[in-house]
Structure formats: structure tokens, C-alpha cells
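Each chain is listed here by its residues.
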Amino acid sequence: MFTISNFIGGNICNPISGHYLDNFEPATGKVYSLIPDSDHNDVAVAVEAAQKAFPYWSSLSIETRSVWLIKLADKIEEHLEQFAEAESKDNGKPITLARTMDIPRAVSNFKFFAHAITQFHSESHHMEGVGINYTLRQPIGVVGCISPWNLPLYLLTWKIAPALAAGNTVVAKPSEITPYTAFLLSKVCQEINFPAGVLNFVHGLGPKVGESICVHPSVKAISFTGGTSTGKRIASVAAPMFKKLSLELGGKNPNIIFADCDYEEMLATSVRSSFANQGQICLCGSRIFVERPLYEKFKTDFVARVSKLQVGDPMDNNTKTGAVVSEAHMNKVLSYIELAKAEGGTVITGGERANVPDRCAEGWFINPTVIEGLAYNCRTNQEEIFGPIVTIMPFDTEEEVLMYANSTDYGLAATLWTQNLSRAHRMAEKLASGIVWVNCWLVRDLRTPFGGVKNSGVGREGGMEALHFFTEAKNICISY
Ligand code: NAD
């Protein structure tokens, strides 16, 4: 048992109240550490530290800030195994996934924005015979970064890196369910003598810590990733204070498979896009639509592969499916399986809690589950479940599947499998979604805009979009 601490003004520190929360290991269902149960008082101190650091950090040259971000990246890379173990223990994800995806991506996030900021250019607009405009892009000040539990360090650094690169100082709140790697990052900051107060972590509950960040008058922008209902709450408190808001929210993504696809590639990728990280990636395709001539073959082959996914101890290198993140989340996911049955669905594989022996006997595991026979508009096919559950259903025409795909309140990502180029373009244009992958999934170029439409969010992250979000544009017009 050990204690996670806040990181404020360059110091590892206890919550002012002295109160702590239990932190569980999903694979065992047992408490393994304590985290600060911080509140508005800790947030106030963190914001003060960030305000104090802002003049120094924002006046550093771009090259110097870039070097600091590279140093952070290098140190995470140096401690990659320790970070991967921490992420796996805290979240329940297979250690191989943390080692090959989560932590390397956190390193890439810092490196990418360290380089991107050196290429960030300002615009000028010439008015012939009248004058010239040029637009400065200035850091905002203190910004708040609030992140979820599914990709803890990956998504936290996806916000922190551009915010810092652009010259802001940060008060960050990692998910209270997965605080461990953010704590390790604060230790890395200490190890490299990262300037005090530039990056601060306040741990604790969303309504106490997260909301205190959102309502603090000196925090001028909020970058949030999490559930749609939390996003709605944040918008309701931050919008009347005229804060800049970036909201990356839930999804219910379609995976559309035409009979002319590259079958093997589609099949292997669809297993991954359905169940990677126990289906707890906002980009996972949870509704699989298959063109009717291929439906029975797909069903047989897909179920055969899914039933072989090894559910096991996340720390085991052979484990493909680890634990879901919490007992409450496990119960929510299981309740959706019951709902699916009540709505007339048939579970064709999985459908229950998985028993993993020995140290994981009390852990929160669910067998990867495939359900068929449901209508496109039932609750199971409309609401975000965010677990190892997919539904499959046949379709006959492009128009029909577009209607199914676009029928939810969400619009984050869609995947499309076809060898017909015209159809790929035609469908991609019409899908109500911020991201469309054609014949691939989760292929990420960090320069591209990332985000959703409808209830999946407001604004875009990634590349120059993120640097635009974390800066204020100031136009200067000079008359001849
Ligand atoms: P969540 O909304 O419960 O929590 C996210 C973060 O917000 C946590 O740090 C939490 O403590 C904090 N929070 C909670 N209440 C708050 C409040 N009132 N004010 C301020 N902060 C508050 O989400 P979660 O369960 O951690 O994550 C799962 C959700 O995240 C899913 O809906 C998933 O789709 C979504 N997600 C979206 C993306 C994306 O890029 N669009 C990426 C990953 C996850």
C-alpha cells in the first residue's frame, strides 16, 4: 500500500484536508494505494502556483520550451517499463498494451508538440493600398486539463503537451480511478527540475476537484475528455464564465463492413477495434454492420476469433483482454447485457463475468461479448456502453446502413471496409462523424484534427487545432 500525492508548485504534497480515497487494482478488486481527496482549497493553491509561473514560462523562447518537453518525453521513455506496469495495475489493461500503446503514445505526445510549436506560424493579411494585418497567437494563461480513466497518461499528455508548448501553465486533474501514472509524471518533473508551478496535478473527485478548476475565475480555458453528461455539466458552469472549452465526449461508433472488403484484414482489425482495452477506447466500434451476403460467414469467423481472446491477469504477457476499470463499471456493462437480452438480442459468445483464477479471483473481468438480433434503434444500440460488448447486424443497401450508422446522438468515429473507392468516398462524406477510418482503425497521424460531432463533443484536438485552442488570436492592423 502506498500513497499518491498532489504535485503543486514543484512540490509533492498532501491534500490540505488530509483526506484520502481508496485506489483499487481492477485485476484483484483490492485497494492498493490511497489518493488525495482534494478540494477547492488545493485547486486554489495550484492555480496560484500556475499563475505565478506563467510570466516566466510564457516568456521562455519556443526553443527552450520545446527542449523542456523533449526532456519530459525522454524521461518517460527511460522509465517506460515502470509507467507501463503502473498503467496496467491501475487500469486493468494488458501490460503489453500499456507497453506498446499507452506509454509510447504519451512520449510521442510530448515529442510531437515539442516539434509542432517550432513550426507554429502566425498569419498576415495584406489589404492592398490600405495596410497590413498580422495575427499574434498568444498563450492564454492558466488552463485546466481534465482527463478520463480509459487511456490515463495517453489522454492526459495529449492535453498537457500542447498547453505547455503554447506557453500556458497547467492545473491538471487526472481521473480519480487511474491516478498512478500522473503521479509518476510529477516525479519525473521533479527528477528533471521542471520549472516549478508550470505543471500541477490535483488528485480527487470530479465534482470536487474538476468542478473547482472549471469555476475558478483565473482558469481561462478547460480541455476536457470524458463522458457526455460530465461534458454537459462542465459546459453549464464554464460557458457563462466565457471560458474557452474543448470537450471530447462519448461515442457509439459504427463499423461498416461491405462484402467486397479485404476480408482477412477486416476480420483481424475488427476484433481489435471491438475489444482492445476491453472495448474501453472511445474510438472502438461497438455497432458492427455487415452487408448481408457476408453476414453469416463474418459471424462464424468473428465469433471463433473473439471466443479465443484470452481473458487473464493484465500483468501476464499473453493476456489479450484484461479487467474492466471498476466494479461499478463492470456492473454497468453487465446490466447492458441483460438489457440487450430483454430487447430481444441473442448473446452468441461471452455475456458473463469471467473467472480468472489465483490473485485475480476477485477481479473485474467480462468475457468479450457479441450480440445479434437487435434493432438499430434499441437502447443497446443507441447508448454508450464502453465495455467488451459489440452488436452485429446485417444490412442491404448503402442508404440503409448510413441511416443506421447516423441514428445515434453520438458522432465520434466510424470505420468503413470496402474496396470500392467511389463508395468509400461517398460514404465517408455522409457519415455524421468527426473521424472516418477506411480499411483501417486507430491509425493516427497526430497532425490531424481529432474530435466528434453531435453529443461526442465540441472542438478538435491534435496538431495545429490544439495549438489554436491553447492560444488567443490577436489581430494587429497597421495602416499605410
Ligand atoms: P467522466 O466524465 O466520468 O470523468 C472524466 C473526468 O472528469 C474525470 O477526471 C472526472 O473526475 C472528471 N469529472 C467528473 N465530474 C466532473 C465535474 N462535475 N466537473 C469537472 N470534472 C469532472 O468519464 P470517465 O468515466 O472517466 O471516462 C469515460 C468516458 O470518456 C466515456 O464516455 C468515453 O467515451 C469518454 N472518452 C472520450 C474520448 C474522446 O476523445 N472523445 C476519449 C476517451 C474517453
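Residues numbered from 1 in each chain as written. Predicted model: local features only at pLDDT ≥ 70, side-chain atom pairs only at ≥ 80, totals over all residues. Heavy atoms only, no water.

Caption draft 1: Looking closely at the overall build of the chain. When you go through the chain residue by residue, the secondary structure sums to 14 helices and 21 strands. Expressed as lengths along the three principal axes of its C-alpha atoms, the size of the chain is roughly 65 × 65 × 40 Å. When each of the 480 residues of the chain is scored for burial, the buried share is 59%. Sequence-distant contacts, at least 24 apart, represent 75% of the contacts inside the chain between residues at least 6 apart. Counting every atom, the chain has about 18,500 Å² of accessible surface; 53% of that belongs to carbon and sulfur. Counting 42 positive and 49 negative side-chain charges, the chain places the averaged centre of each group 3 Å from the other. (Helix = DSSP H or I, 4+ residues; strand = E, 2+ residues; numbered from the N terminus. Buried < 20%, exposed > 50% of the residue type's maximum accessible area, 1.4 Å probe, protein only. Contact = heavy atoms within 4.5 Å. Areas by Shrake-Rupley, 256 points an atom, 1.4 Å probe, with all protein chains shown as cover. Lys, Arg positive; Asp, Glu negative; His and termini not counted. Charge placed at Lys NZ, Arg CZ, Asp CG, Glu CD.)

Caption draft 2: View of the pairing of strand β13 (residues 253–257). Most of β13 is tucked away: five of the five residues are buried. Alternating positions in β13 separate into two faces, N253, N255 and I257 on one and P254 and I256 on the other, with burial throughout. Here five bridges tie β13 to strand β14 (residues 285–291), and the two strands are oriented parallel to one another. Bridge pairing in β14 places N255 opposite I288. A crossover connection joins β13 to the parallel β14 through helix α9 (residues 263–275); in handedness this β-α-β unit is right-handed. Sheet topology note: the β13/strand β18 (residues 413–417) ladder contains three bridges and is parallel. (Pairing = 2+ DSSP bridges. Right-handed = clockwise from strand over helix to strand, strands pointing away.)

Caption draft 3: Quick peek at the domain arrangement of the chain. Split by domain assignment, the chain resolves into domain 1 (2–249 + 456–479) and domain 2 (253–453). Placing a centre on the C-alpha atoms of domain 1 and another on those of domain 2 gives a separation of 30 Å. Counting from both sides, the interface comprises 40 residues of domain 1 and, opposite them, 38 residues of domain 2. Roughly 3,000 Å² is buried in total at the junction of domain 1 and domain 2, and carbon and sulfur atoms are behind 59% of that figure. The three residues of domain 1 that bury the most area against domain 2 are W149, S456 and R460, which together make up 19% of that side's buried surface. Counting every contact that joins domain 1 to domain 2 gives one salt bridge. Between R359 and E25 there is a salt bridge, with the nearest N and O atoms lying 3.1 Å from each other. If you look at where domain 1 meets domain 2, you find 14 residue pairs in polar contact (both at pLDDT 80 or more). For the side of domain 1 that touches domain 2, the secondary-structure elements that each account for two or more residues are β4 (20–25), α3 (80–91), α4 (95–116) and α14 (463–469). For the side of domain 1 that touches domain 2, the leading source of residues is α4, giving nine residues. (Domains from an automatic or database assignment. Buried area = accessible area lost by both parts, 1.4 Å probe. Salt bridge = Lys/Arg side-chain N within 4 Å of Asp/Glu carboxyl O. Polar contact = N/O pair within 3.5 Å; in protein donor to acceptor, adjacent residues only side chain to side chain.)

Caption draft 4: View of the site of the ligand. Neighbouring residues of the ligand: 30 residues in total, closest W149, E176, T230, L249 and E384. Here an oxygen atom of the ligand sits 2.8 Å away from a polar atom, N or O, in the side chain of W149. Within the side chain of K173, one N or O atom sits 2.9 Å away from an oxygen atom of the ligand. Compared with its free state, where it exposes 860 Å², the ligand has 90% of that area covered by protein. Those elements that provide at least two residues to the shell around the ligand are α7 (206–215), β11 (219–225) and α8 (228–238). For the shell around the ligand, the leading source of residues is α7, giving four residues. For the shell around the ligand, the per-class residue count stands at 13 nonpolar, eleven polar and six charged. The two domains that each donate at least three residues to the shell around the ligand are domain 1 (2–249 + 456–479) and domain 2 (253–453). (Near = heavy atom within 4 Å. Nonpolar A, V, L, I, M, F, W, Y, C, P; charged D, E, K, R; others polar.)

Caption draft 5: Highlighting unusual backbone geometry. Here F242, not a glycine, exhibits a phi torsion of approximately 60°, which is positive. Residue position: F242 is located in the loop between α8 and β12 (244–248).

Caption draft 6: Spatial organisation of helix α5 (residues 152–165). A rise of 1.5 Å per residue sets the reference length of α5, with its 14 residues, at 20 Å; its end C-alpha atoms lie 20 Å apart and thus fit the reference within 8%. Judged by how many residues are buried, α5 sits mostly within the fold: 14 of 14 residues are covered. Once α5 finishes, G167 follows within two positions and takes phi at roughly 105°, a positive value. (Expected span 1.5 Å × (residues − 1).)

Caption draft 7: Examining α8 more closely. Inspection of α8 places T228, G231, I234, V237 and A238 among the buried residues, and these make up the whole buried set. If you follow the buried residues of α8, they end up packed against β8 (142–146), α7, β11 and β12.

Caption draft 8: Seen up close, the pattern of salt bridges. Evaluation of the coordinates by the stated rule reveals 22 salt bridges. Residues joined in a network through salt bridges with shared partners are E25, K89, D313 and R359.

Caption draft 9: Structural view of a nonpolar patch on the surface. On the surface, Y134, L136 and I478 cluster together into a nonpolar patch covering about 230 Å² of accessible area. One can find I478 in strand β21 (residues 471–479). Given the relative accessible area of 40%, I478 is considered partly exposed. (Patch = residues over 30% accessible without salt bridge, like charges linked within 9 Å, V, L, I, M, F, W, Y side chains within 5 Å.)

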